[in-house]
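Chain and residue survey
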Amino acid sequence: MQAVAREMNQAETAFLRPAEDGFELRWFTPAVEVDLCGHATLASAHFLWQEGHLPPSDMARFQTRSGLLAATLKADWITLDFPATPPLSCDPPPPLLDALGIREATVLRSRFDYLVVLPEAAQLRALRPDMRTLREIEARGVIVTTTSDQPGADFLSRFFAPRVGVPEDPVTGSAHCALAPYWSARLGRRTLVGRQLSSRGGTVRVEDAGERVYLSGKAVTVMKGTLL
């Protein structure tokens, strides 16, 4: 699986196998297997419904390294039931802010990642991180976030994970397991919309439900093929 993921060279490649209660699901970057991935789970659920492996009315159930995960389809939105990973305040590791090219920021730590909060959206867009230095940070990745200056979105983010072979991820569902509780507490609302500002970009609807986070997004099939 790792060799296939390296050949695919996407942020994550998902692998499904029928199991007794649903499907076993594993995720690999080009470099390592990861414990949680949102957009590859969303794509996996989309595939199962689209290709007739599950009726669209059925819940998709996945056995993963992060426990049982579920996905449901309503209209063209897929909602994932994921574990919350609320971030806590921490002292930033010495290279972190330098690697991002910023002097001061609020820094927190979730189960997987550092979360860096910036005061302005312009700073987020202008980030050009030093990937070599970020690779030395002992965490899966670094989430950088700020309040939104775009209509229809409550907060903005970017996600960098060169340590696991993903310089900048297009859209990171699992990062929103930390972003949702952070912004829900800060903005005083359980239901929010996040926009990730990678070059491809993406929108994630989030709902803070205490120990769980509901993440909603859309998926389309862009390619079919045969691996020889």
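The coordinates are above.
Summarised in this report is the structure supplied together with it. These numbers were taken from a predicted model, which means no experiment stands behind them. Just so you know, the residues in each chain are numbered from 1, in the order the chain's sequence is written. Reporting of local features is limited, given that this is a predicted model, to residues whose pLDDT is at least 70; pairs of side-chain atoms are given and counted only at 80 or more, and all residues count toward the totals for whole chains, interfaces and linings. Side-chain calculation: all heavy atoms of the structure are included, whereas hydrogens and water are not.

**Examining a nonpolar patch on the surface**
- Without a salt bridge and with relative accessible area above 30%, a residue can belong to a patch; like charges are then joined within 9 Å and nonpolar side chains (Val, Leu, Ile, Met, Phe, Trp, Tyr) within 5 Å. In this description, accessible areas are obtained by the Shrake-Rupley approach with a 1.4 Å probe, and a residue is regarded as covered only by the protein chains that are shown. By definition, a salt bridge exists where a carboxyl oxygen of Asp or Glu is found within 4 Å of a side-chain nitrogen of Lys or Arg. Residues Val220, Val222 and Met223 make up a contiguous nonpolar surface patch of about 400 Å² in total accessible area.
- With respect to the element layout, methionine 223 can be found in the segment after strand S14 (212–217). A run of H or I in DSSP counts as a helix once it spans at least four residues, and a run of E counts as a strand once it spans at least two, with each numbered from the N terminus.

**Quick word on the pairing of strand S1 (residues 13–19)**
- A pair of strands is labelled paired if DSSP reports no fewer than 2 bridges between them. Relative to strand S2 (residues 22–28), S1 is paired through seven bridges, and the arrangement is antiparallel. From the neighbouring strand, arginine 17 faces S2, where its bridge partner is glutamate 24.
- Counted between consecutive antiparallel strands, the loop separating S1 from S2 contains two residues.

**Some details on helix H6 (residues 176–187)**
- For H6, a buried count of nine out of twelve residues is recorded, marking the element as mostly surrounded by other parts of the structure.
- One or two positions beyond H6, positive phi appears at glycine 188, with a value near 75°. The rule is simple: take the accessible area with a 1.4 Å probe, protein chains only, and divide by the maximum for that residue type; under 20% is buried, over 50% is exposed, in between is partly exposed.

**Considering the side chain of serine 174**
- Position of serine 174 relative to the elements: it lies in the loop between strand S11 (155–160) and H6.
- Those residues in contact with serine 174 that lie beyond four places of it in its chain are Leu36, Cys37, Gly38, Thr85 and Arg140. Contacts were defined at the residue level, with two residues in contact if any of their heavy atoms lie within 4.5 Å.

**Re the nonpolar core**
- Here the nonpolar core consists of buried residues drawn from Ala, Val, Leu, Ile, Met, Phe, Trp, Tyr and Cys, with membership extended through side-chain atoms lying within 4.5 Å. Of all hydrophobic cores here, the largest spans 44 residues; its most connected members are Trp27, Ala60, Phe62, Ala71 and Leu215.
- With six residues, the top contributor of residues to this core is H6.
- In this structure, Tyr114, Leu127, Ile137 and Val142 belong to the second largest nonpolar core, which totals 20 residues.

**Examining the pattern of salt bridges**
- This structure, assessed with the given rule, holds 13 salt bridges.
- Notably, a salt bridge pairs arginine 61 with aspartate 21, separated by 3.0 Å at the nearest N-O pair. You can see arginine 61 sitting in strand S4 (residues 60–64) and its partner aspartate 21 sitting in the loop between S1 and S2, a full 40 residues away along the chain.
- Arginine 61 sits in the partly exposed class, given a relative accessible area of 28%.
- Of the residues examined, aspartate 21 reaches a relative accessible area of 37% and is grouped as partly exposed.
- A salt bridge links lysine 224 to glutamate 51; its shortest N-O distance comes to 3.2 Å. Placement of the pair is lysine 224 in the segment after S14 and glutamate 51 in the loop between helix H2 (38–50) and S4, with a sequence separation of 173 residues.
- Exposure remark for lysine 224: the relative accessible area of 63% places this residue in the exposed category.
- Each of Arg26, Glu33, Asp35 and Arg65 takes part in one network of salt bridges that share partners.

**Points about unusual backbone geometry**
- Positioned with a positive phi, asparagine 9 is a non-glycine residue whose angle comes to about 60°.
- Its location among the elements puts asparagine 9 in the loop between helix H1 (2–8) and S1.
- Within the chain, alanine 75 stands out as a residue other than glycine whose phi angle is a positive 55°.
- Relative to the elements of secondary structure, alanine 75 occurs in the loop between strand S5 (67–74) and strand S6 (77–83).

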